[in-house]
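Structural description and commentary
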Amino acid sequence: MNHEFMRAAIDEGRKGMNANEGGPFGAVIVKDGQIIGRGHNQVLLLNDPTAHAEVMAIRDACKTLKDFQITNCELYTSCEPCPMCLGAIYWARPKAVYFACTRADAAAIEFDDDFIYQQVPLPTTERSIPFKELLREEALGLFKQWSEKMDKTPY
């Protein structure tokens, strides 16, 4: 745990916010005491709702590492991750995550993702956005091909 790395994450958030690229969120990824990935919220700049600080930092670090995971790395983020970023973090597999502000702090400035947390445990038929199963049997054929693929890279 390093305060300078958290300050770097906070500075990333300030950079994006001051450039009007997105909200006040920043993140850095550290490996062996060095920052190898940086990101700030770029939702407005890129017109991309997935361009959150943690996702951008993960993409940057993976590019640096030439790997699709950030194992043996630490992620420092200016705010407790939203549900999307939380999922991305688990897929990326860092060894630790440090955050500054909380979900409640974000909600207090109108970045409230609680509605998403409420949707996740609901059956697909009860979610506020309709989710409807379609062509499952056809898609299962693709899954079968994956399970039999001899040269796949598991992740």
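Higher on the page you've got the structure.
Rules used throughout
- Residues numbered from 1 in each chain as written.
- Predicted model: local features only at pLDDT ≥ 70, side-chain atom pairs only at ≥ 80, totals over all residues.
- Heavy atoms only, no water.
- 1 Å grid on protein atoms, 1.4 Å probe; cavity = no way out; pocket = protein on both sides within 12 Å on 5 of 7 lines; lining within 4 Å.
- Points joined across faces, edges and corners; volume = space filled by probe spheres on them.
- Helix = DSSP H or I, 4+ residues; strand = E, 2+ residues; numbered from the N terminus.
- Nonpolar A, V, L, I, M, F, W, Y, C, P; charged D, E, K, R; others polar.
- Phe/Tyr/Trp six-rings, centres within 6.5 Å; stacked < 30°, edge-to-face > 60°.
- Buried < 20%, exposed > 50% of the residue type's maximum accessible area, 1.4 Å probe, protein only.

1. Observations concerning the layout of surface pockets
By volume, the largest pocket is sized at about 440 Å³. Phe 25, His 52, Cys 82, Phe 111 and Asp 113 are the residues nearest the centre of the largest pocket, which is lined by 25 residues in total. Contributions of two or more residues to the lining of the largest pocket are made by helix 2 (43-46), helix 3 (53-65), strand 3 (74-79), helix 4 (83-92), helix 5 (103-108) and helix 6 (114-119). With three residues, the single largest contributor to the lining of the largest pocket is helix 4. Class assignment of the residues belonging to the lining of the largest pocket gives a composition of 15 nonpolar, five polar and five charged. Empty space within the second largest pocket amounts to approximately 220 Å³. Every residue along the wall of the second largest pocket is listed here: Phe 115, Ile 116, Gln 119, Val 120, Arg 127, Ser 128, Ile 129 and Phe 131.

2. Describing the packing of aromatic side chains
Summed over the entire model, instances satisfying the criterion amount to four aromatic pairs. Taking 4.9 Å as the distance between ring centres and 90 degrees as the angle between the ring planes, the aromatic pair formed by Phe 25 and Phe 111 counts as edge-to-face. With Phe 25 in the loop between helix 1 (3-18) and strand 1 (26-31) and Phe 111 in the loop between helix 5 and helix 6, this residue pair connects regions lying 86 residues apart in the sequence. We classify Phe 25 as buried; its relative accessible area is 14%. With relative accessibility at 37%, the residue Phe 111 sits in the partly exposed group.

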